[in-house]
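Architecture at a glance
Listed here are the chains, written in short residue letters.
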Amino acid sequence: MNQNDKNNLNEAEKEERMDSQEKEASVSGAEETADPGTENTPSTPPENSAEKTESKRPKKKKKSFAKLHSRAFKRGGLSILLVCLFIAGVVVINLISNVLVEKIPALSIDMTGTAMNELSQDTIDFITTLDKDVEIMVLATESDYVAANQYFLQANSLLKQYHNYNNRITIDYVDLAANPTFTGNYPDETLAAGDYIVQCGDNYRLLTTEDLFNMTYDQTTYSQVVESSNVEPAVTTAILNVTSEDQTKVAFVNGFGDYDADAYKKLLENNNYEVVETSLLTDDIDSEAPIAVLFAPTVDLDSTSIQKLSDYLSNGGNYGKTLIYVAAQSRTETPLLDSFLEEWGMALGDGYLAETDAQYLPVSNNPYLSIFDFANDDFTAGLKNASIPLVGAYSKPVTILDEANVTPLFTTSESSGLIPFDADENFDFESAIDGTYNAGAISTHKGDGADSSIIAIGSVAMFNSQFLSSSTFNNAEYFINMANIQSGNEEEGITIAPKDISLQELGIMSAQAMTIGTVFMVVIPVIVLIFGIVLWLRRRNR
């Protein structure tokens, strides 16, 4: 007989002993309730039948009571109790976790591929030090807003975090249909459902849906689709603007051809700069503006306008002014402007810079689209990551004529060349590759107490919305850092890249879903199975 057979016999004997003990207890209970005088009477009178019937009833009660004390009942009850306690524990832990995540945002886990539902560290650093009350009003009910689409749901999740990191920032939802008089508080604005109003005291910023999401037109569906979420950059910079005491002016010079500097202006405004526009044909440049911008002129300046630029830079002998000159992409004939630049020791080349080093080409088949190296640390000292390059396209070279007062800002690689504007298909491209070129430079004239500068930039494409909104390149942060340094603005700018959501879901990634599914469908069941087998073997071998 093997060990298992012995164990089975032992279990059977234990159960027989328990059953016999229960029977003995039941019999003894019945005998105690019976009449002693009738115990040995061979024939029982009819009246004793009722007594016998009554004597059997306690026996059933005793047997039921004994079952309540049986080992099987105790084990079953303990199992039910443990299951109930486990379920209750899961519910309590879930409730506590939700409360802790709301109170301590760092405990939350964003399982999207690019932290779609998390605020950037720049935003967190800024709002945690905020000491003013800010109200963010969403012009919709919360239920309607989050149910509209996944992009609004993600935006709402980001908004909640502003309050979590600083309770002086409140989030309110305003139903315009239920509050028709609300629009009267903002008579100069056109309010629409889904817009935000960021307000601090009397200062406010209206953020429309176009401000919150970058849209693109889908040629296949003939409709606009969301390319990236601009919610965090828009809201954070709006908070910066409404809480700031003063704004620094930047004057854009108009009147010398049409230009599109909307992305650059928006970048400046988002970083607490007040953009003003000036026509040199009728006005002088605002003396309160430490920076003036001559953006992509396609028409030559007249002598009066040149003199106004010169007067602005000299500032009555006080200096302390900066002119940022961004060259137009097209070929222009601007002899007076060219002469003015030569007085400051710089000139623009006649052609486009072409790059042949593959490491400098974001797109392999376009040599005119390239990245640039920083040539000095004039405007890189405040960058979070100076290893991220600048990018430009169809750049004109900036030639330095006065090395004593002019220094390069950013350059091409050693494998670049200048391709003339009139180069045709027979042009020998390889022969033009002859070394490093400057794509940007700064010329400085020193005064008694301050300096004035002209910054010449050869590529207007460096300021387009795609490059300024990309975290792959340093254009936005570099140009804001430049403005801060040249204007003496001690506040660091906030340059937050939009979150690209055009090609990804806002939920968890497929790899993460696979991992979670494996844990719940394989790992946990296997652990429970092993635990059950071990427990069964231990009980079987007792």
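These lines cover the structure that appears in this document, whether it is placed above or below.

Definitions and cut-offs
- Residues numbered from 1 in each chain as written.
- Predicted model: local features only at pLDDT ≥ 70, side-chain atom pairs only at ≥ 80, totals over all residues.
- Heavy atoms only, no water.
- Axes fitted to C-alpha atoms, helices over the stretch in contact; angles between N-to-C directions.
- Helix = DSSP H or I, 4+ residues; strand = E, 2+ residues; numbered from the N terminus.
- Parallel < 35°, antiparallel > 145°, perpendicular 65-115°, else oblique.
- Left-handed = near helix turned anticlockwise from the far one by under 90°.
- Contact = heavy atoms within 4.5 Å.
- Nonpolar A, V, L, I, M, F, W, Y, C, P; charged D, E, K, R; others polar.
- Pairing = 2+ DSSP bridges.
- Buried < 20%, exposed > 50% of the residue type's maximum accessible area, 1.4 Å probe, protein only.
- Arc of directions from axis to C-beta.
- Polar contact = N/O pair within 3.5 Å; in protein donor to acceptor, adjacent residues only side chain to side chain.
- Salt bridge = Lys/Arg side-chain N within 4 Å of Asp/Glu carboxyl O.
- Patch = residues over 30% accessible without salt bridge, like charges linked within 9 Å, V, L, I, M, F, W, Y side chains within 5 Å.
- Areas by Shrake-Rupley, 256 points an atom, 1.4 Å probe, with all protein chains shown as cover.
- Phe/Tyr/Trp six-rings, centres within 6.5 Å; stacked < 30°, edge-to-face > 60°.
- Lys NZ or Arg CZ within 6 Å of the ring centre and 35° of its normal.

**Some words on the packing of helix H10 (residues 303-314) against helix H11 (residues 335-343)**
It is at 10 Å that the axes of H10 and H11 come closest, and there the two elements cross at 25 degrees. Judged by the inter-axis angle, H10 sits roughly parallel to H11. Relative to H11, H10 is oriented so that their crossing is right-handed. Residue-level inspection shows Ser303, Ile306, Leu309, Ser310 and Leu313 of H10 in contact with H11, the latter providing Leu336, Leu337 and Phe340. Looking at side-chain class alone, the contact of H10 with H11 contains six nonpolar, two polar and no charged residues.

**Observations concerning the sheet that holds strand S2 (residues 169-173)**
Read from one edge to the other, the open sheet built from four strands follows the order S2-S1-S3-S4, with strand pairing classed as mixed. For this open sheet the edge positions go to S2 and strand S4 (203-207), each flanked by a neighbour on one side alone. On average, each strand axis in the sheet is tilted by 15 degrees relative to the strand beside it, whichever way the strands run. Across four bridges, the pairing between strand S1 (residues 134-138) and strand S3 (residues 196-200) is antiparallel. Bridging across to S3, Ile136 finds its partner in Val198. Against the sheet, helix H6 (residues 150-165) engages S1, S2 and S3, with an angle of about 140 degrees to S2.

**Here's the deal with helix H4 (residues 121-128)**
The complete set of buried residues in H4 reads Thr123, Ile124, Phe126 and Ile127. Projected down its long axis, H4 shows its buried positions confined to an angular sector of 165 degrees, all on one face. In this fold, the buried residues of H4 make contact with H6, S2 and helix H8 (231-243).

**Regarding the environment of Ser314**
Following the sequence through the fold, Ser314 ends up in helix H10. Among the polar contacts made by the side chain of Ser314, one reaches the main-chain carbonyl oxygen of Asp311 at a distance of 3.1 Å.

**Regarding the pattern of salt bridges**
One pass over the structure, following the stated rule, counts ten salt bridges. Between Asp286 and Lys249 there is a salt bridge, and its shortest N-O distance comes to 3.0 Å. Of this pair, Asp286 sits in the loop between strand S8 (273-279) and strand S9 (291-295) while Lys249 sits in strand S7 (residues 248-254), and the two are 37 residues apart along the sequence. Close ionic contact of Asp350 with Arg331 constitutes a salt bridge, the shortest N to O distance being 3.6 Å. A residue pair is termed long-range when its members are at least 10 positions apart, and Asp350 in the loop between strand S11 (346-348) and strand S12 (352-355) and Arg331 in the loop between strand S10 (322-326) and H11 qualify at 19 residues. Taking the relative accessible area as the measure of exposure, Asp350 reaches 44% and is therefore partly exposed. One network of salt bridges, with partners in common, ties together Asp122, Lys384 and Glu477.

**A short note on the pairing of S3**
The buried fraction of S3 is high, at five of five residues. Burial along S3 is two-sided: the face carrying Tyr196, Val198 and Cys200 and the face carrying Ile197 and Gln199 are both buried. Pairing analysis gives five bridges linking S3 to S4, with the strands arranged antiparallel. Directly across from Tyr196, in S4, lies its bridge partner Leu207. Where S3 folds back on S4, the antiparallel hairpin that results is connected by two residues, among which Gly201 adopts a positive phi of roughly 65 degrees.

**Section: the pairing of S1**
If a strand is regular, its side chains alternate between the two faces of the sheet. The element S1 is extensively covered by neighbouring structure, given that four of its five residues are classed as buried. Summarising the sheet, S1 and S2 pair through five bridges and their orientation is parallel. Across the sheet, the residue bridging to Val134 is Ile169, located in S2.

**Side note on the sheet that holds strand S14 (residues 390-393)**
In spatial order, the strands read S8-S7-S9-S10-S20-S19-S16-S13-S14; together these nine strands make up an open sheet with mixed pairing. Lying at the two open borders of the sheet, with one neighbouring strand each, are S8 and S14. For this sheet the average axis-to-axis angle between neighbouring strands, irrespective of direction, equals 25 degrees.

**Notes on the environment of Pro397**
Examined against the element boundaries, Pro397 turns out to sit in the loop between S14 and strand S15 (398-400). Classification of Pro397 by relative accessible area gives buried; the value is 3%. Placed 43 residues apart in sequence, Pro397 and Gly440 show a C-alpha to C-alpha distance of 7.6 Å. Each residue touching Pro397, except ones within four places of it in the same chain, is listed here: Ala347, Leu348, Gly349, Gly351, Leu353, Leu418, Tyr437 and Asn438.

**Observations concerning a nonpolar patch on the surface**
Where nonpolar side chains cluster on the molecular surface, the patch consists of Val519, Met521, Val522, Val523, Ile524, Val526, Ile527, Val528, Ile530 and Val534 and spans about 860 Å² of accessible area. Positionally, Val519 belongs in helix H14 (residues 510-540).

**What about the packing of aromatic side chains?**
Applying the stated criterion across every chain yields a total of 21 aromatic pairs. In this arrangement the basic side chain of Lys265 is found over the ring face of Phe252, its NZ or CZ atom lying 5.2 Å from the centre.

Take it as geometry only, folks, not as evidence of what the structure does.
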